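Descriptive analysis of the structure
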Amino acid sequence: MDIKTIEQALKMQNDLTIRLTQSLVAQRSAKAPTLDAILKNKEQLLISAQAEVEKATSERDAIVSNWNARVTQRQTNVTKLQSDINDIKDQLSKQNDPAKNNKAGTVKKNIPGKG
């Protein structure tokens, strides 16, 4: 609601004042809640809080399970890569082994002055 004149503002202020006064009178005349009502309210709050705890716990468990699966997957990847590296190193050492490359089984010697 747009207020364009002072009269509109005063009317709105009076309406709000009347509603506030009625609300305060109703609160003063209302009886205090009984212990039974307070107990029922607290029991409902307890049930809601327990449900929230259970929901949060199950959400946490699902998240932890997902993270555990991710960690396991990455550990498997690391193990595979390490195995691949070891296989390549073995192949490289066999390739560079001069005893295996010499067909006669003797090692060629470098003699200075020749070749």
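Residues numbered from 1 in each chain as written. Predicted model: local features only at pLDDT ≥ 70, side-chain atom pairs only at ≥ 80, totals over all residues. Heavy atoms only, no water.

1. Side note on the overall build of the protein
- A tally of helices and strands in the protein yields three helices and zero strands.
- Overall, the protein shows an N-to-C arrangement of helices and strands of α-α-α.
- Counting every position in the protein, which comprises 115 residues, the buried fraction comes to 1%.
- Of the accessible surface of the protein, which amounts to about 11300 Å², a share of 58% is contributed by carbon and sulfur atoms. (Helix = DSSP H or I, 4+ residues; strand = E, 2+ residues; numbered from the N terminus. Buried < 20%, exposed > 50% of the residue type's maximum accessible area, 1.4 Å probe, protein only. Areas by Shrake-Rupley, 256 points an atom, 1.4 Å probe, with all protein chains shown as cover.)

2. Concerning the pattern of salt bridges
- Summed over the entire model, instances satisfying the criterion amount to three salt bridges.
- Residues aspartate 61 and arginine 60 are paired through a salt bridge, measuring 3.3 Å at the closest nitrogen-oxygen approach.
- Across the pair aspartate 84 and lysine 80 runs a salt bridge whose closest N-O atoms are separated by 3.1 Å. Taken as a pair, aspartate 84 and lysine 80 lie in helix 2 (residues 35-96) at a separation of four residues, close to a single helical turn.
- With relative accessibility at 51%, the residue lysine 80 sits in the exposed group. (Salt bridge = Lys/Arg side-chain N within 4 Å of Asp/Glu carboxyl O.)

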